[in-house]
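Topology and contacts: notes
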Amino acid sequence: MIKDAGNNRGLSDDQAAAMLGEGDLILTACPGSGKTRSIAARMAMLVSEGEALALVSYTNTGADEIARAAAELHGTRIDGLNFVGTLHSFIHKYLIQPFAHLLTGSVVPVRIDPDAVSELSPIGDRVHNYRYTVDGVLVPKGAKTPSAPADILAAQTSKELAASRGVVGYDDALHYAYRILQEFPNIAQALAIRFGEIIVDEAQDSNEAQLAILSAIKLSGLKSLVLVGDYDQTIYSFGGSRPDLCQRLATELGLRPWELRENFRSSQILCNTTARFRQKKAPDLAVGKYASDPTQPRILLYDPGSPEELPESFSRLLSEAAQPSSSVILVRSKALRARISGRPDINLWNEIEILIDAKMSESAPSLRKWRSLETMLLRWSLGGADGAPGCISRGDLRRYSVELVQMLPDLDGSIGDWAVQVLEVVDSVAEALYPESARNLARGRTIPQGWYRVELQKYLLGSSPWDVETIHSSKGTTVEAVMIVANEPSKPWMTSDAANWSRPLMAGSYSGASGSGSEELRIFYVGVTRAERSLVVALPNSTPSNLVSSFVQAGFSGL
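Residues numbered from 1 in each chain as written. Predicted model: local features only at pLDDT ≥ 70, side-chain atom pairs only at ≥ 80, totals over all residues. Heavy atoms only, no water.

**Considering the side chain of lysine 218**
By secondary structure assignment, the location of lysine 218 is in helix α10 (residues 208–219). At 3.0 Å, the side chain of lysine 218 forms a polar contact with the side chain of aspartate 24. Beyond its immediate chain neighbours, meaning those up to four positions away, lysine 218 contacts Asp24, Lys223, Ser224, Leu225 and Leu253. (Helix = DSSP H or I, 4+ residues; strand = E, 2+ residues; numbered from the N terminus. Polar contact = N/O pair within 3.5 Å; in protein donor to acceptor, adjacent residues only side chain to side chain. Contact = heavy atoms within 4.5 Å.)

Here it is in structure tokens:
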């Protein structure tokens, strides 16, 4: 039954039928289906009925976008009775911080802090190469991780030591959260009663441990659980996500299935083409402003020795038609992004990235950016000591964070010189905030020599005016014109992007949902479905002719 039958809250009939109904739901939403708008409408409906809800997504950005849509489209403000954020932040707030000490023996509230775990661990960062299964068994995360009993014992001892001191890593937090729900049923029931509904956006990116936590809450009395995602866009296998996990949970819990197949983003031509690269072959129905656009997808062969020439080639192709209002070049790797954009391929510490971001948004920082900065300052103030976050007031933390941003130097000079200056600033602010255990960052960390050879402005802007991004970072975006660049394999034995992407075209059918090749195909699918009307796939000129022909036969032109 559809609630508010006379009021679809700005949704299409199909969206309203899916999202304005009661009870549990697993929604499969195609690219461009208006997922954000649909979830926002459901949130507005629930809040108007006085229902407390939790919206969790894979990223804070995704969750914030939905909450913002609820406010802008429906005037619904998500207050303190509700929750909006990542699943990790949800379990940290409602399970780890208040209750994990019951399992770890910590004398202070437990917090999620992977860096602090590494610092306390005798084996350093290697402690994070191991994770707990849902059954509580510690196992290596990858095939290259040492799996001898002595190695696993060392990792387990390190994890337990850190947990006893009040810090856990991300994987460990899932382990303890699930144990809390299993070993303390009263806590599980209280959490299930606390919220009338939990909505999981981008559910396809959830791993087995995360879904086990959601299942435990549901089975403890949660009124309704809603899973929303596109399972052809499962692209985080390194985090344990798999396309089949959500469907398995939905079957076990009896969630009502629904599928959104109306595409408000792409042209019908692109819907027909992109359907060739996913498990379900029937194309989505284009219903947006570009539905009848006649632009054909294009193939471009390029010299992999000169990828910096790709923006000019893309520009020439786009000049043959009406200039797009937005465009992006998408790549698989950060190294290729660096070569095309002219941005140096350099990895910065997370703290430096946060501080650069804070300086760039100094005049109008978002709430999320403030929280990231505050979390960083809190961690560096407490250091590796057994300090509880509660020993620093929220007001002091905010005040000193503002002071920190005001003291940051201009974004000039080399990255190395800038890093030295900002670490000294953080030192002084952290010590003022919490003198008892502040560390000296400037003396405690060695700036990589390569940072001194890279100008900060070049790192930020590059030498190309074009927007060049990785496919992973583009997820959830809509762009009028998209170029996706296949990389040439760095090793002779490696499978090329072109070979992975053309597999369903060569075989005549989708080749399955598991394996690295299938993951690469799903990543490609994410990229091609960002486009509204113009799509260009750039292949190395060394690509075998049969692979190139398979794209042409699938509807690509340009050769």
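Once the structure has been displayed, the description carries forward.
**Focus: the sheet that holds strand β17 (residues 531–540)**
Two pairing modes exist for strands in a sheet, parallel and antiparallel, and in both the strands are linked by backbone hydrogen bonds. The strand order across the open sheet built from 5 strands is β13-β17-β16-β14-β15, with neighbouring strands paired in parallel fashion. Each end of this open sheet is capped by a strand with a single partner; those strands are β13 (298–302) and β15 (468–470). Each strand axis lies, on average, 30 degrees off the axis of its neighbour in the sheet, ignoring direction. Bridging between strand β16 (residues 479–485) and β17 involves 6 bridges; their strand directions are parallel. Bridging from a neighbouring strand, valine 485 pairs with alanine 538 of β17. Taken strand by strand, helix α13 (residues 310–319) contacts β13, β14 (327–331), β16 and β17, and its axis lies near 135 degrees from that of β16. Against the sheet, helix α14 (residues 334–341) engages β14, β15 and β16, with an angle of about 180 degrees to β15. (Pairing = 2+ DSSP bridges. Axes fitted to C-alpha atoms, helices over the stretch in contact; angles between N-to-C directions.)

**Notes on helix α4 (residues 87–99)**
Of all the bends found along α4, the most pronounced is centred on lysine 93 and spans about 40 degrees. Three or more residues of α4 are buried, namely Leu87, His88, Phe90, Ile91, His92, Tyr94, Leu95 and Ile96. (Bend = angle between axes of the 7 residues up to and from the residue. Buried < 20%, exposed > 50% of the residue type's maximum accessible area, 1.4 Å probe, protein only.)

**With respect to the sheet that holds strand β3 (residues 83–86)**
Strand order in the open sheet formed by 6 strands is β3-β2-β8-β9-β1-β10, and the pairing between neighbours is parallel. Each edge of the open sheet is held by one strand with a lone partner, namely β3 and β10 (256–260). Sheet twist, expressed as the average angle between the axes of neighbouring strands with direction ignored, equals 15 degrees. Inspection of the sheet shows strand β1 (residues 25–29) paired to β10 by 5 bridges, in the parallel sense. By the bridge assignment, isoleucine 26 is partnered in β10 with proline 257. Where helix α3 (residues 60–74) meets the sheet, its contacts fall on β2 (53–57) and β3, and the angle it forms with β3 comes to roughly 150 degrees.

**Here's the deal with a nonpolar patch on the surface**
Judged by side-chain polarity, Phe264, Leu285 and Val287 come together as a nonpolar surface patch covering roughly 230 Å² of accessible area. Inspection of the secondary structure puts leucine 285 in strand β12 (residues 285–286). (Patch = residues over 30% accessible without salt bridge, like charges linked within 9 Å, V, L, I, M, F, W, Y side chains within 5 Å. Areas by Shrake-Rupley, 256 points an atom, 1.4 Å probe, with all protein chains shown as cover. Salt bridge = Lys/Arg side-chain N within 4 Å of Asp/Glu carboxyl O.)

**Side note on the environment of glutamate 252**
With respect to the secondary-structure elements, glutamate 252 resides in helix α11 (residues 243–253). Residue class for glutamate 252 comes out exposed when judged on its relative accessible area of 57%. The spatial distance from the C-alpha of glutamate 252 to the C-alpha of glycine 342 is 50 Å, given a sequence separation of 90 residues.

**Remarks on the pattern of salt bridges**
Tallied over the full model, the rule gives 25 salt bridges. Ionic pairing is found between glutamate 51 and lysine 223, a salt bridge with its closest N-O pair at 3.1 Å. Of this pair, glutamate 51 sits in the loop between α2 (35–48) and β2 while lysine 223 sits in the loop between α10 and β9 (224–229), placing them 172 residues apart in sequence. Classification of glutamate 51 as partly exposed rests on a relative accessible area of 22%. Residue classification places lysine 223 among the exposed positions, given a relative accessible area of 57%.

**A few points about the nonpolar core**
Looking at soluble globular proteins, one finds that nonpolar side chains tend to be buried together. In this structure, Phe90, Ile91, Ile198, Ile217 and Leu227 are the most contacted members of the largest nonpolar core, which totals 47 residues. When contributions to this core are tallied by element, the ones reaching two or more residues are β2, α4, α8 (170–183), α9 (185–194), β8 (197–200), α10, β9 and α11. Apart from residues lying up to four places away in sequence, isoleucine 91 is in contact with Ile96, Ala173, Leu174, Ala177 and Ile213. Counting residues in hydrophobic clusters, the runner-up holds 39 residues, among them Ile354, Ile356, Leu378 and Val426. (Core = buried A, V, L, I, M, F, W, Y, C linked by side-chain atoms within 4.5 Å.)

**With respect to the packing of α4 against α8**
Running from N to C, α4 and α8 cross one another at 60 degrees; their axes reach a closest spacing of 10 Å. Relative to α8, the element α4 lies oblique. Remark: the crossing between α4 and α8 carries left-handed chirality. The segment α4 lies against α8, with His88, Ile91, Leu95, Ile96 and Phe99 engaging Tyr170, Ala173, Leu174, Tyr176, Ala177, Ile180 and Leu181. Its residues assigned to classes, the contact of α4 with α8 shows 11 nonpolar, 1 polar and no charged. (Parallel < 35°, antiparallel > 145°, perpendicular 65-115°, else oblique. Left-handed = near helix turned anticlockwise from the far one by under 90°. Nonpolar A, V, L, I, M, F, W, Y, C, P; charged D, E, K, R; others polar.)

**Considering the confidence of the model for the protein chain**
Mean pLDDT over the protein chain works out to 87, with 92% of the residues at or above the 70 mark. When mean pLDDT is taken per element in the protein chain, α8 scores highest with 97 and helix α19 (residues 441–444) scores lowest with 49. pLDDT under 50 marks residues 1–6. Its contacts with residues more than four places away, or in other chains, come to 12 contacts. With pLDDT under 50 throughout, residues 510–515 is counted as low confidence; its partners more than four residues away or in other chains account for 14 contacts. (pLDDT = per-residue confidence, 0-100.)

**A look at the packing of α4 against α10**
At a minimum axis distance of 11 Å, the contact between α4 and α10 shows a crossing angle of 50 degrees. Comparing the axis directions of α4 and α10 gives the class oblique. The interaxial crossing formed by α4 with α10 has left-handed handedness. Here α4 contributes Leu87, His88, Phe90 and Ile91 to the contact with α10, which in turn contributes Gln210, Ile213, Leu214 and Ile217. Per-class residue counts for the contact of α4 with α10 are 6 nonpolar, 2 polar and no charged.

**Notes on the packing of aromatic side chains**
The final tally for this structure, using the stated rule, is 13 aromatic pairs. Measuring from ring centre to ring centre gives 4.4 Å for tyrosine 58 and tyrosine 236, while their planes differ by 25 degrees; the resulting arrangement is stacked. Of this pair, tyrosine 58 sits in the loop between β2 and α3 while tyrosine 236 is found in the loop between β9 and α11, placing the two residues 178 residues apart along the sequence. Judged by relative accessible area, which is 33%, tyrosine 58 ranks as partly exposed. In this structure tyrosine 236 comes out as buried when scored by relative accessible area, which is 11%. Here phenylalanine 90 and phenylalanine 195 contribute two aromatic rings whose centre-to-centre distance is 5.7 Å and whose plane-to-plane angle is 50 degrees, an arrangement assigned as tilted. Placement of phenylalanine 90 in helix α4 and of phenylalanine 195 in the loop between α9 and β8 is noted, with a sequence separation of 105 residues between them. Grouping residues by exposure puts phenylalanine 90 and phenylalanine 195 together as buried. Three or more aromatic residues joined by ring pairs make a cluster, and in this case those are Phe277, Trp501, Phe524, Phe551 and Phe556. Directly above the aromatic system of phenylalanine 264 lies the positively charged group of arginine 37, at a separation of 5.3 Å from the ring centroid. Lying over the aromatic face of phenylalanine 195, arginine 194 brings its terminal NZ or CZ to 4.4 Å of the ring centre. (Phe/Tyr/Trp six-rings, centres within 6.5 Å; stacked < 30°, edge-to-face > 60°. Lys NZ or Arg CZ within 6 Å of the ring centre and 35° of its normal.)

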